[in-house]
Amino acid sequence: MHVTLKQIDTFVRLAALCSFRRVAEQMNTTQPNISNRISQMEEMLGMRLFERDAGSVVLTEQGRQMLPLAERVLSAVWAFTDAGQNKKFSTTIRLGAVEMVAHSWLQDFLRVMHEKFPYVVVELDVDRTANLQRALLARTLDIAFLNGPVPDFNVANIELGEVSMAWVAAPELAANLPTHLQAEDLAPYPILTHAKDTRPHVEVVQFFRQADCLETRIAPVNDMTSCLQMTMNGLGIAVLPRPFVDPAVASGRLALLDVDWLPAKLNFTASYPHSPASLAVTSAASLAKSMARWVSLPVQWWVAPGSAADSHPGSIPDQSSI
């Protein structure tokens, strides 16, 4: 008997996930099947690859030595398959993307991806960076375009560029503000931010705390398009990525504010686990690097037909709509 490719694949996945249950879910089989594959592989190799405790599965020293060899075997198989360019062959990439990417260059990326790799099916999940990071580490996503990098040595991070932030308000609201603004000038108004637990939201909270503006009404909004529309309707002052606000500023629906502080720039990465990472995944990351363009977003992303609403400067948004 010889070690099979399925056993090698199972070994690499178990080394990454450290859970028979999660590997079984990924490979659409049962935990006993996964356990049997590993046991048979250990028997054929004459070595113990994992230490199994009630709550954990950990590579042995021999297992750590064998893992790079197993990863190279899988990479060679994926390269062999990819070189054939067999359009009847189909593989799936589970791709995650943050809203900023989804609203800018993602559609062009998907079109070119289909042209270059017609046999690759892309399953798309648009979500927040924190959720995408968890999905990558749990191996329920193969690759994600997010506000990175992902701080894990098992994850590769390919730089996709950066985006500056800007403070904005409806012109009617901005007209009541000083020319040069500090935290205490902004504090009387609702502050619309990215969703909770995102870096921009945390930085905004810290900005007002450090200025002792502890009663500032900070309202996180999970959807940036909704946040932009709320800002244009005068429901608060927002800090958002420049590509999102530039068209509204150019049309006069928003005014840029001169504030003495800005959140850090958003750095985007194409992030994917090293093991297992197919050639399709690494090719997708390279393509994303060549296509990422952080330009002003088209008007249709932020103008909702018939969305004109009453402006209420200084009032706090209804939390049920956030």
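Everything here concerns the structure above.
About the cut-offs
Residues numbered from 1 in each chain as written. Predicted model: local features only at pLDDT ≥ 70, side-chain atom pairs only at ≥ 80, totals over all residues. Heavy atoms only, no water. Phe/Tyr/Trp six-rings, centres within 6.5 Å; stacked < 30°, edge-to-face > 60°. Helix = DSSP H or I, 4+ residues; strand = E, 2+ residues; numbered from the N terminus. Buried < 20%, exposed > 50% of the residue type's maximum accessible area, 1.4 Å probe, protein only. Pairing = 2+ DSSP bridges. Salt bridge = Lys/Arg side-chain N within 4 Å of Asp/Glu carboxyl O. Contact = heavy atoms within 4.5 Å. Axes fitted to C-alpha atoms, helices over the stretch in contact; angles between N-to-C directions. Expected span 1.5 Å × (residues − 1).

A. Here's a closer look at the packing of aromatic side chains. For the structure shown, the criterion picks out twelve aromatic pairs. Judged by centre distance (6.5 Å) and plane angle (85°), the rings of W167 and F208 are edge-to-face. With W167 in strand β7 (residues 165–169) and F208 in helix α10 (residues 199–210), the pair connects residues that are 41 residues apart, well separated along the chain. Each member of the pair, W167 together with F208, is buried. Put simply, the rings of W105, F109, F145, F268 and W294 touch in pairs and so form one group of aromatic residues.

B. How the structure looks around the pairing of strand β5 (residues 143–147). Burial of β5 is extensive: five of the five residues sit out of reach of the surface. The pairing of strand β3 (residues 91–97) with β5 spans three bridges and is classified as parallel. Looking at the pairing, G96 lines up with A144 of β5. Across four bridges, the pairing between β5 and strand β14 (residues 266–273) is antiparallel. Pairing of F145 across the sheet is with A270, part of β14.

C. Structural context of the pattern of salt bridges. Scanning the entire structure with this criterion turns up eleven salt bridges. With its nearest N and O atoms 2.8 Å apart, the salt bridge here joins E61 to R64. With E61 and R64 both in helix α4 (residues 61–84) and three residues apart, this pair spans about one turn of that helix. On the basis of relative accessible area, R64 is assigned to the partly exposed category, the value being 43%.

D. Representation of helix α12 (residues 242–250) within the structure. Turning to α12, its buried residues number three or more, namely P243, F244, V245, P247 and A248. Structurally, α12 contributes buried residues whose contacts are with α5 (99–102), β6 (155–163), β7, α11 (224–232) and β11 (237–241). Trailing α12 by a residue or two, G252 shows a phi angle of about 85°, which is positive.

E. Looking closely at the sheet that holds β11. The strand order across the open sheet formed by five strands is β10-β9-β11-β7-β12, and the pairing between neighbours is mixed. Here the strands that pair on one side only, and so sit at the sheet edges, are β10 (218–220) and β12 (255–256). Pairing of β7 with β11, which is carried by four bridges, proceeds in the antiparallel orientation. Of the residues in β11, the one forming a bridge with M165 is P241. Sitting on the sheet, α11 is in contact with β7, β9 (191–193) and β11, with an inclination near 140° to β11. Packing against the sheet, α12 makes contact with β7, β11 and β12, and its axis sits at approximately 120° to β11.

F. The arrangement of helix α13 (residues 279–291) in detail. The end-to-end C-alpha distance of α13, which contains 13 residues, comes to 18 Å, matching closely the 18 Å that a straight helix rising 1.5 Å per residue would cover. If you check which residues of α13 are buried, you get A280, V281, S283, A284, A285, L287, A288 and M291. On its buried face, α13 sits against β3, α6 (106–116), β4 (120–126), β5, β6 and β14.

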